[in-house]
Structures are given as C-alpha cells and as structure tokens.
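# Architecture and fold: a report
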Amino acid sequence: MIDFEKQSVFKLAPCRPEDIASQVSPILIQGEQIVSSFKTVRDFVVFTNKRVIAVNVQGMTGRKKDFTSLPYSRVQAFSIETAGTFDMDAELDLWFSGLGQVRLEFKGHADVRLLGQMIATFIL
C-alpha cells in the first residue's frame with residue numbers, strides 16, 4: 001500500500017485515460033468507468049465513478065505495481081486548493097474513514113475544481 005503519511009505523495013499532471021486504461025481495466029468492476037486520470041513520471045492516479053485508484057509503479061523495470069483502491073463511499077470530507085500566482089500547484093485532500101488523510105498534489109494546469117465537483121457528485 002502507498003504510504004499516505006508523507007506530506008505529499010504525488011505531483012500529478014493530467015493524462016489521457018486511454019494511455020493508462022490497459023493497466024487499470026483488469027481491476028475495474030462491472031459498470032465502473034474511468035472519469036479522469038493524472039500521471040507522474042511512473043506513478044498515476046485514476047478517478048473512476050466508484051473510487052480513486054492510486055498506482056505506485058515499483059522496481060527498475062516497472063512490472064511490479066501497487067494498486068491502492070480508495071472508495072468514495074469511505075470519504076468523510078475533502079478539500080481542494082487551487083493554484084495561485086506564485087504557488088502554481090493545486091492540492092486535493094481526502095479524508096477516508098479508517099485511513100485518514102490522503103493528499104494529492106497537481107501541477108498548476110490541473111483543474112482541481114472539476115475534481116471537487118466530481119467527488120461531491122459521488123459522495124453527497
């Protein structure tokens with residue numbers, strides 16, 4: 001499991017869902033669809049209509065992957081911080097029952113307001 005105790009786990013940039021779909025589709029359940037996806041150099045995060053899937057690519061070859069499933073049904077609260085003039089990064093904080101806080105950091109051109117609306121739609 002990814003260590004979410006760190007101050008920042010990811011510095012994510014938007015990516016096309018079709019670029020990572022083949023790696024995530026084997027763990028999706030019936031009716032689950034990728035809504036949005038973000039990537040670092042190796043790791044990535046997928047937002048589906050059911051959960052957030054954080055993928056930690058491990059090892060030199062990248063063949064070993066850790067898939068952490070964070071269901072929206074366990075979200076107790078969330079917070080978004082948009083990019084500013086001098087601080088170009090945006091943040092999404094999610095508080096999960098039984099896990100605690102998960103922070104995802106995004107490069108400035110990621111629209112976390114849309115993520116906030118999407119998450120609110122799924123949990124409210």
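Here, every reference points to the structure presented above.
Summarised in this report is the structure supplied together with it. (Residues numbered from 1 in each chain as written. Predicted model: local features only at pLDDT ≥ 70, side-chain atom pairs only at ≥ 80, totals over all residues. Heavy atoms only, no water.)

### Some thoughts on the pairing of strand S4 (residues 51–58)
Along any regular strand the residues' side chains alternate between the sheet's two faces. Note the following rule: Think of it in three bands: residues with accessible area under 20% of the maximum for their type are buried, residues over 50% are exposed, and the middle band is partly exposed, with areas taken using a 1.4 Å probe on protein chains only. Helix and strand labels come from DSSP, where a helix needs a run of H or I of at least four residues and a strand needs a run of E of at least two; each type is numbered from the N terminus. For two strands to count as paired, DSSP must find a minimum of two bridges between them.
Along S4, 6 of the 8 residues are buried, which leaves the element largely enclosed by surrounding structure. Two elements, strand S3 (residues 44–48) and S4, share 4 bridges in a ladder whose sense is antiparallel. Each bridged residue has a counterpart across the sheet, and for Val46 the counterpart in S4 is Ile53. Between S3 and the antiparallel strand that follows it, S4, lie 2 residues. Both S4 and strand S5 (residues 64–71) contribute to a ladder of 8 bridges, which runs antiparallel. Of the residues in S5, the one forming a bridge with Arg51 is Pro71. Two successive antiparallel strands, S4 and S5, enclose a turn made up of 5 residues, where Gly59 displays a positive phi of approximately 75 degrees.

### Considering the packing of aromatic side chains
Note the following rule: When two rings of Phe, Tyr or Trp (its six-membered ring) have centres within 6.5 Å they constitute a pair, described as stacked for plane angles under 30 degrees, edge-to-face for angles over 60, and tilted for the intermediate range.
Using the criterion set out here, one finds 3 aromatic pairs in the structure. Ring centres 6.0 Å apart and planes at 85 degrees place the aromatic pair Phe38 and Phe47 in the edge-to-face group. With centroids separated by 4.9 Å and ring planes inclined at 75 degrees, the aromatic side chains of Phe38 and Phe106 adopt a geometry described as edge-to-face. Linking Phe38 in strand S2 (residues 34–39) with Phe106 in strand S8 (residues 100–106), this pair joins segments that are 68 residues apart in sequence. Ring-pair connections join several aromatic residues into one group, and the members of that group are Phe38, Phe47 and Phe106.

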